[in-house]
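Commentary on secondary and tertiary structure
Take a look at the letters that make up each chain.
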Amino acid sequence: MASIELSLTEDQRALRAGVMEICKRYPGEYWRDLDSRREYPDKFVTELTEAGYLAALIPQEYGGAGLGIREGGLILETINYSGGNAGACHAQMYIMGTVLRHGSEAQKREYLPKIATGALRLQAFGVTEPNSGSDTTKLQTTAIRKGDRYVVNGQKMFISRVLQSDLMLLLARTTPVDAVKRKTDGLSVFLIDIRNLKGFEVRPLRMMMNHSTNALFFDNVEIPATSLIGQEGKGFSYILDGMNAERILVASDSLGDARWFTEKAVAYSNQRVIFGKPIGANQGVQFAIAKAHVSTDAAQLMRDKAAVLFDAGQPCGGEANMAKYLGAEAAWEAGNACIDCHGGYGYAEEYDVERKFRECRLYKTAPVNNNLVLAYVGEHVLGMPRSY
Ligand SMILES: Cc1cc2nc3c(=O)[nH]c(=O)nc-3n(C[C@H](O)[C@H](O)[C@H](O)COP(=O)(O)OP(=O)(O)OC[C@H]3O[C@@H](n4cnc5c(N)ncnc54)[C@H](O)[C@@H]3O)c2cc1C
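Reading guide: rules and limits
Residues numbered from 1 in each chain as written. Predicted model: local features only at pLDDT ≥ 70, side-chain atom pairs only at ≥ 80, totals over all residues. Heavy atoms only, no water. Phe/Tyr/Trp six-rings, centres within 6.5 Å; stacked < 30°, edge-to-face > 60°. Buried < 20%, exposed > 50% of the residue type's maximum accessible area, 1.4 Å probe, protein only. Helix = DSSP H or I, 4+ residues; strand = E, 2+ residues; numbered from the N terminus. Lys NZ or Arg CZ within 6 Å of the ring centre and 35° of its normal. Near = heavy atom within 4 Å. Polar contact = N/O pair within 3.5 Å; in protein donor to acceptor, adjacent residues only side chain to side chain. 1 Å grid on protein atoms, 1.4 Å probe; cavity = no way out; pocket = protein on both sides within 12 Å on 5 of 7 lines; lining within 4 Å. Sits in = over half its atoms within 2 Å of the grid points. Nonpolar A, V, L, I, M, F, W, Y, C, P; charged D, E, K, R; others polar.

Moving on, we come to the packing of aromatic side chains. One pass over the full model with this rule turns up ten aromatic pairs. Centre to centre, the rings of Tyr 26 and Tyr 30 are 4.8 Å apart; their planes meet at 70°, and the pair counts as edge-to-face. The residues Tyr 26 and Tyr 30 share a single accessibility class, namely buried. Relative to Tyr 345, the ring of Tyr 268 lies with its centre 6.5 Å away and its plane at 50°, an arrangement referred to as tilted. In this pair, Tyr 268 is assigned in helix H7 (residues 235–271) and Tyr 345 in the loop between helix H9 (317–341) and helix H10 (353–361), connecting sequence segments 77 residues apart. In this arrangement the basic side chain of Arg 203 is found over the ring face of Phe 217, its NZ or CZ atom lying 4.2 Å from the centre. Cation over ring: Lys 356 sits above Trp 260, and NZ or CZ is 5.5 Å from the ring centre.

Here's what the structure looks like:
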């Protein structure tokens, strides 16, 4: 039976200290400047990769550190807690899991060691489409087998870090939905090299936060048949397999945000004197921050429980989803408490509060919106009818 350790091990503390050491070289000014220009934190991601942190979850036999999801989460949490934005690189940790679990030995040997060293970047994951959104099985992008190739046609929406990746994991329909028994059949996953791909167009979208997000267009794009991961038609189940890791890692991003906001709010409201006393002495200010702290600690316990179950190979769908939900809500609560106590300064760019506020909001919506997390809990944890 898996059990939760309430404190970090010595190795985990060293891991966190190592990541923090790098983060200190990338202060608020760095992220703020990139945010205003909507540019990718290339220098930061390169340094993190070279230090091996983005290969934390890749097994040692493929050149990674072979650590667990708890450690992966700790890395991301530390980045966001430092004031940075792990959203620039978190996806590599969960995308590579699909290759690891379902790729052939040849694919693993070809790609994982290069991803581990940073020779190849796998930061892009193409699922969402303009006409299907959260309803993944309705996606319309097709990949049709022609000899030793597949020909891809369609559109993807809100796909992040494509211009900063060499490889992308793509979900496309290989058998029409009316020719399969279940709508979840007939979808396939491909690991494609997106450098110089003919017929492939990337249109960057200016989003609320700096997230390198794009609309993608595939016009008769030919990809080698060898880019198929696992069996044709089984892609949806492969993507589902990776979701618990994704939920736990995103919950960790949010926990780092929540801690950053709370610390910043405490420091500011303890020193800002209005009406002759620190504003933090007012219950209206103090309780909002204290409530956010309560929510964050509770979210952390759920994230830790999900991580322990995941690393022990035990079912953790409910816990991973609840961790993502609680983490995103705690960060949002802490963000609101932080912006409120800063008054007008909360809106001034130089305080970084408004930037973090915009960044943390994403995780209530993506990679899965919190309504669908509740739908999962209602159906799969509580045994209620499917609500959609
Ligand atoms: C900055 C950013 C980066 C992203 N990066 C990626 C990426 O790299 N790869 C990728 O594939 N996708 C990415 N996404 C897409 C993201 O995963 C989707 O936005 C999300 O899954 C929702 O899809 P949608 O936007 O089409 O919303 P819709 O599916 O249209 O849903 C809209 C809203 O309706 C509500 N809703 C929908 N269905 C239900 C229901 N059954 N019950 C209750 N409420 C419901 C929810 O509140 C939801 O937010 C990104 C999105 C953003 C904003």
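Additional details are given in the paragraphs that follow.
What follows is about the site of the ligand. The environment of the ligand is made up of 18 residues, and the closest members are Phe 125, Thr 128, Ser 134, Phe 158 and Ser 160. A distance of 2.9 Å separates a nitrogen atom of the ligand from a polar side-chain atom of Asn 371. Judged by the fraction of its atoms near the pocket grid, the ligand is located in the largest pocket. Sorting the residues of the shell around the ligand by element identifies strand S3 (149–160) and helix H11 (370–381) as the ones contributing at least two each. Tallying contributions element by element places S3 first for the shell around the ligand, with three residues. For the shell around the ligand, a count of residues per class yields ten nonpolar, eight polar and no charged.

Note that every value here comes from positions in space, so none of it alone points to a role or purpose.
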